[in-house]
Amino acid sequence: MTIRTDPAGLTSRVIAWYDEHQRDLPWRDPAASPWAVMVSEFMLQQTPVARVLPVWAQWLDRWPTPAALAAEPAGEAVRAWGRLGYPRRALRLHAAATEIERVHDGEVPSTYDELLTLPGVGDYTAAAISAFAFGRRQVVLDTNVRRVLGRVRGGEEFPAASVTRAERERAAAVLPDDEPTAATWSVAVMELGAVVCTASSPRCADCPVTDLCAWRAAGYPAYDGPPRRGQTYDGTDRQCRGRILALARDAHEPVHRSRIEAVWPSAEQRDRCLASLVHDGLLVRVGTGAYALP
DNA sequence: TAAGCGTGGAA
DNA sequence: TTTCCAAGCTT
């Protein structure tokens with residue numbers, strides 16, 4: 001097949017590479033439901049594949065449909081989320097399931113615009129679900145795709161902090177016209193970024209498009225943009241919130257203030273984090289001085 | 001727009 | 001040991 005937008009063979013070669021080298025991930029099984037794909041996309045937001053795999057399997061076993069999840073308290077979703085991180089995603093996935101049940105007759109919607117209205121679904125996730133679960137033609141622009149295209153076409157090691165207009169236009173320009181081919185390209189170029197064109201120590205020797213790569217042609221110039229914001233963790237509210245929520249997740253009864261005080265020394269920070277967890281809906285106050293999952 | 005939001009494995 | 005970072009979303 002000739003792809004009009006791809007005279008140099010970028011897309012066809014990446015797709016051919018994908019056909020041979022793709023990882024065998026369960027949410028890529030053609031039998032995986034749109035809901036199963038959606039759950040994987042939520043869990044994979046900022047969390048590595050290896051840690052998602054077991055939790056995803058248990059989740060789908062317990063809640064094979066949006067209706068099944070929506071029928072349970074949101075706190076059960078937070079508990080099942082375990083230590084994947086960013087537990088508000090669990091809350092949003094539960095809220096999205098509830099919305100799918102209420103508005104979409106229990107079926108995960110297939111269009112970008114409908115998906116985008118769901119809680120926890122932004123530009124990337126809406127495009128990804130539409131493309132991967134329904135085979136639609138979408139510009140799927142995640143951190144992997146941005147890095148690959150930024151290198152191959154832009155000649156730069158890393159993309160900007162946020163998606164630029166130029167990046168989006170570049171991604172649209174290489175998206176195959178044919179719908180199923182476009183969907184395959186989207187997953188293929190993401191996979192290339194995930195396993196070959198990685199952020200650090202890219203495996204250029206294994207890349208199917210090294211000869212097309214502008215970054216390589218330029219001699220692999222180092223990133224020279226503004227410093228990328230590092231993530232400190234020790235002593236942050238994130239860590240404090242994580243400690244507190246872990247107590248509630250592992251307990252099946254309300255957790256008393258005394259136990260919370262035992263896991264974080266600073267009273268001021270502890271109280272602030274407790275209040276923010278309640279504000280976010282990750283905890284509810286039960287009686288006097290006790291907290292539980294919603 | 002930039003900051004906030006978890007967690008743990010690998011380099 | 002420290003640093004980096006892994007399929008983002010929300011406000």
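Residues numbered from 1 in each chain as written. Chains lettered and ligands numbered in written order. Predicted model: local features only at pLDDT ≥ 70, side-chain atom pairs only at ≥ 80, totals over all residues. Heavy atoms only, no water.

You'll find chain A entered in an unreviewed UniProt entry as Adenine DNA glycosylase, with Nocardioides iriomotensis given as the organism. Under Sequence similarities (unreviewed entry), UniProt gives the following word-for-word description of chain A: "Belongs to the Nth/MutY family." (UniProt positions renumbered as here; feature names shortened; annotations may be inferred.)

Our focus in this paragraph is empty space enclosed by the protein. Here the structure, examined in full by the defined rule, presents two cavities of 30 Å³ or more. In this structure, the largest cavity is lined by R151, V152, V196, C197, P202, R203, C204, C207, T210, C213, W215 and R216. Within the residue set of the lining of the largest cavity, elements represented by two or more residues are helix 9 (143-152) and helix 12 (214-217). Along the lines of polarity and charge, the residues of the lining of the largest cavity split into eight nonpolar, one polar and three charged. Taken as a whole, the second largest cavity encloses approximately 50 Å³ of empty space. If you go around the second largest cavity, the residues you meet are Q138, V139, V140, V145, L149, A171, V174, L175, W185, S186 and V189. (1 Å grid on protein atoms, 1.4 Å probe; cavity = no way out; pocket = protein on both sides within 12 Å on 5 of 7 lines; lining within 4 Å. Points joined across faces, edges and corners; volume = space filled by probe spheres on them. Helix = DSSP H or I, 4+ residues; strand = E, 2+ residues; numbered from the N terminus. Nonpolar A, V, L, I, M, F, W, Y, C, P; charged D, E, K, R; others polar.)

A few words on the layout of surface pockets. Estimates place the volume of the second largest pocket at around 720 Å³. The wall of the second largest pocket is formed by 24 residues, among which G85, Y86, P87, Y233 and R238 lie closest to the centre. Class assignment for the residues of the lining of the second largest pocket results in nine nonpolar, eight polar and seven charged.

Here we come to the pattern of salt bridges. For the structure shown, the criterion picks out 16 salt bridges. R168 is the partner of D123 in a salt bridge, and the nearest nitrogen-oxygen pair spans 3.1 Å. With a gap of 45 residues between them, D123 in helix 8 (residues 123-134) and R168 in helix 10 (residues 165-174) connect regions that are remote in the sequence. Judged by relative accessible area, R168 falls into the partly exposed class, the value being 32%. Note that D237 is salt-bridged to R272, the shortest N-O span being 2.8 Å. You can see D237 sitting in helix 13 (residues 237-250) and its partner R272 sitting in helix 15 (residues 267-280), a full 35 residues away along the chain. We classify R272 as partly exposed; its relative accessible area is 40%. Residues joined by salt bridges that share partners form a network here, namely R62, E72, E76 and R79. (Salt bridge = Lys/Arg side-chain N within 4 Å of Asp/Glu carboxyl O. Buried < 20%, exposed > 50% of the residue type's maximum accessible area, 1.4 Å probe, protein only.)

We now examine the protein's contact with DNA strand B. What surrounds DNA strand B is a group of 18 residues, the closest being R51, R83, P87, R238 and R241. Residue Q46 places a main-chain N or O atom 3.2 Å away from a base nitrogen belonging to DNA strand B. Within the contact set of DNA strand B, a base nitrogen lies 2.8 Å away from a side-chain nitrogen or oxygen of T47. When contributions to the surface near DNA strand B are tallied by element, the ones reaching two or more residues are helix 6 (88-103) and helix 13. Tallying contributions element by element places helix 13 first for the surface near DNA strand B, with five residues. For the surface near DNA strand B, the residue count by class is four nonpolar, five polar and nine charged. (Near = heavy atom within 4 Å. Polar contact = N/O pair within 3.5 Å; in protein donor to acceptor, adjacent residues only side chain to side chain.)

With that settled, the discussion passes to the protein's contact with DNA strand C. Around DNA strand C, 27 residues are found, and the nearest of them are W27, G120, G122, T125 and N144. Atoms of DNA strand C within 4 Å of the protein belong to the sugar or the phosphate in 61% of instances, the rest to bases. Between DNA strand C and the protein, one listed contact pairs a phosphate oxygen with a backbone N or O atom of G120 at 2.8 Å. Between DNA strand C and G122 there is a distance of 2.8 Å, counted from a phosphate oxygen to a backbone nitrogen or oxygen. Those elements that provide at least two residues to the surface near DNA strand C are helix 2 (34-44), helix 8, helix 9 and helix 11 (179-195). Taken together, the residues of the surface near DNA strand C sort by class into eleven nonpolar, eight polar and eight charged.

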